[in-house]
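Examining the three-dimensional arrangement
One-letter residues, chain by chain:
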Amino acid sequence: MTDTSLPETQYIRAKDAPQRKIGVIKLYEPEDFEGMRRAGYIAASCLDMLHEHVKAGITTEALDTLAREFIYDHGATPACIGYRGYQHTVCTSINHVVCHGIPGEKVLKDGDIINIDVTAIKDGWHGDTSRMWAVGSVSRKAERLMDLTYECLMKAIDLVKPGAHLGDIGHACQAHAEANRCSVVRDFCGHGLGQLFHDEPNVVHFGTPGTGPELKPGMFFTIEPMVNDGKPGVKLLSDGWTAVTRDRSLSAQFEHSMGVTEDGVELFTVSPAGLHQPYKTPAA
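Residues numbered from 1 in each chain as written. Predicted model: local features only at pLDDT ≥ 70, side-chain atom pairs only at ≥ 80, totals over all residues. Heavy atoms only, no water.

**Quick word on the sheet that holds strand β13 (residues 234-236)**
- Ordered in space as β5-β14-β13, the 3 strands form an open sheet in which the pairing is antiparallel. Every other strand in the sheet has two partners, leaving β5 (97-99) and β13 as the edge strands with one partner each. Averaged over neighbouring strand pairs, the angle between their axes works out to 40° when direction is ignored.
- Of the pairings in the sheet, the one linking β5 to strand β14 (residues 243-245) comprises 2 bridges and is antiparallel in character. Residue C99 lies in a different strand from β14, and its bridge partner there is A243. (Pairing = 2+ DSSP bridges. Helix = DSSP H or I, 4+ residues; strand = E, 2+ residues; numbered from the N terminus. Axes fitted to C-alpha atoms, helices over the stretch in contact; angles between N-to-C directions.)

Listed below in structure tokens is the structure:
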């Protein structure tokens, strides 16, 4: 088996690195955590705000508008607007859409499940997070899939600490999903972030324990497992963004932004309202 660990020379102090993706992992300073807390708080609060609006009859475009206004009203900027030509604040991924669903005239209906993914930029720092919602009454299969996906995320987060490896994170997601007869998507992954939206390292949600880059204090990244109720295969639609399951099975995703501390991990995107699994808390 090939050792995919990066050598020590492929880590760099972020303050010594150019603000672009350079193929090495940036290590941020303790004082940089505060910037990530502010950005993460706005992103998480935005999803909290949307909770009461995620119900049958609303369009995904309306949810996007609410998110955009919230982020601007809180002195931040939506990271996705203008990113590689994307023109919306959030991604809205419904049922068999794996990720990057584009807001539009689509109306939510009873029984749908939806992932809303948002990234806010505050003072140059990026807060990136997503959660799942249930629209009205959903099937037991759908609820089970959302539970499982959240469990995959949290099992992976529990392993984040200095000296662990990215392969530990990927293995935790893969093992838990497959033990429950589901599959993790391999075509998309988590990523480094900070003063860049997408940076090194790639954080895949499958793998072998003890392999991949070693986690070091000051690393900032997302974990965002996408779990399918069927096979892991996905395909990209003609719009160039929307990814769907090849077998039309349901898909779910949860995402947190985090930083590695001296003795563990700090989550930057915890829900201030406690809506960690909003599908368990019906909108008023």
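After presenting the structure, the write-up continues.
**A closer look at the layout of surface pockets**
- Size it by volume and the largest pocket reaches roughly 570 Å³.
- The wall of the largest pocket is formed by 27 residues, among which Y83, H100, F188, H198 and W241 lie closest to the centre.
- Top contributing element to the lining of the largest pocket by residue count: strand β6 (residues 113-122), with 3 residues.
- The residue makeup of the lining of the largest pocket, split by class, is 12 nonpolar, 8 polar and 7 charged. (1 Å grid on protein atoms, 1.4 Å probe; cavity = no way out; pocket = protein on both sides within 12 Å on 5 of 7 lines; lining within 4 Å. Points joined across faces, edges and corners; volume = space filled by probe spheres on them. Nonpolar A, V, L, I, M, F, W, Y, C, P; charged D, E, K, R; others polar.)

**Comments concerning the packing of helix α3 (residues 140-157) against helix α4 (residues 166-179)**
- Running from amino to carboxyl end, α3 crosses α4 at an angle of 150°, the nearest separation of the two axes being 8 Å. Here α4 runs roughly antiparallel to α3, going by the angle between their axes. Note that α3 runs across α4; the crossing there is right-handed. Within the contact between the two elements, α3 uses L148, E151, C152, K155 and A156 and α4 uses I169, A172, C173, H176 and A177.
- Its residues assigned to classes, the contact of α3 with α4 comprises 7 nonpolar, 1 polar and 2 charged. (Parallel < 35°, antiparallel > 145°, perpendicular 65-115°, else oblique. Left-handed = near helix turned anticlockwise from the far one by under 90°. Contact = heavy atoms within 4.5 Å.)

**Considering the pairing of β6**
- Among the 10 residues that make up β6, 9 are buried, leaving the element largely enclosed by the rest of the structure.
- Examined bridge by bridge, strand β3 (residues 77-78) and β6 share 2 bridges and lie antiparallel to one another. Bridge pairing in β6 places P78 opposite A120.
- For strand β4 (residues 90-94) and β6, the ladder comprises 5 bridges, and the chain directions are antiparallel. From the neighbouring strand, V90 faces β6, where its bridge partner is V118.
- Bridging between β6 and strand β7 (residues 125-134) involves 10 bridges; their strand directions are antiparallel. Across the sheet, D117 pairs through a bridge with S130, a residue of β7.
- Counted between consecutive antiparallel strands, the loop separating β6 from β7 contains 2 residues, among which D123 sits at a positive phi close to 55°. (Buried < 20%, exposed > 50% of the residue type's maximum accessible area, 1.4 Å probe, protein only.)

**What to know about the pairing of strand β11 (residues 220-223)**
- Here β11 shows no split at all, with F220 and T222 on one side and F221 and I223 on the other all buried.
- Inspection of the sheet shows β11 paired to strand β16 (residues 256-260) by 4 bridges, in the antiparallel sense. Across the sheet, residue T222 finds its bridge partner in β16, namely S257.

**Here's the deal with helix α2 (residues 60-73)**
- When the terminal C-alpha atoms of α2 are compared, their 20 Å separation across 14 residues agrees well with the 20 Å that a helix rising 1.5 Å per residue should span.
- Taken residue by residue, α2 has T60, L63, D64, A67, F70 and I71 as its buried positions. One side of α2 holds all its buried residues, which, seen down the axis, span an arc of 130°.
- G75, located one to two residues past α2, shows a positive phi value of around 70°. (Expected span 1.5 Å × (residues − 1). Arc of directions from axis to C-beta.)

**A short note on the pattern of salt bridges**
- Counted by the stated rule, this structure contains 13 salt bridges.
- When the shortest N-O distance is used, the salt bridge between E29 and R13 registers 3.4 Å. On the criterion of sequence distance, the pair formed by E29 in the loop between β2 (25-27) and α1 (32-50) and R13 in strand β1 (residues 11-13) is long-range, its members being 16 residues apart.
- Taking the relative accessible area as the measure of exposure, E29 reaches 15% and is therefore buried.
- Taking the relative accessible area as the measure of exposure, R13 reaches 42% and is therefore partly exposed. (Salt bridge = Lys/Arg side-chain N within 4 Å of Asp/Glu carboxyl O.)

**As for the packing of α1 against α2**
- Following both chains from N to C, one finds α1 and α2 inclined at 140°, their axes separated by 10 Å at the closest point. Taken together, the axes of α1 and α2 are oblique relative to one another. Relative to α2, α1 is oriented so that their crossing is right-handed. Between α1 and α2, the residues in contact are I42, S45, C46, M49 and L50 and L63, L66, A67, F70 and I71, respectively.
- Looking at the contact of α1 with α2 residue by residue, the class counts come to 9 nonpolar, 1 polar and no charged.

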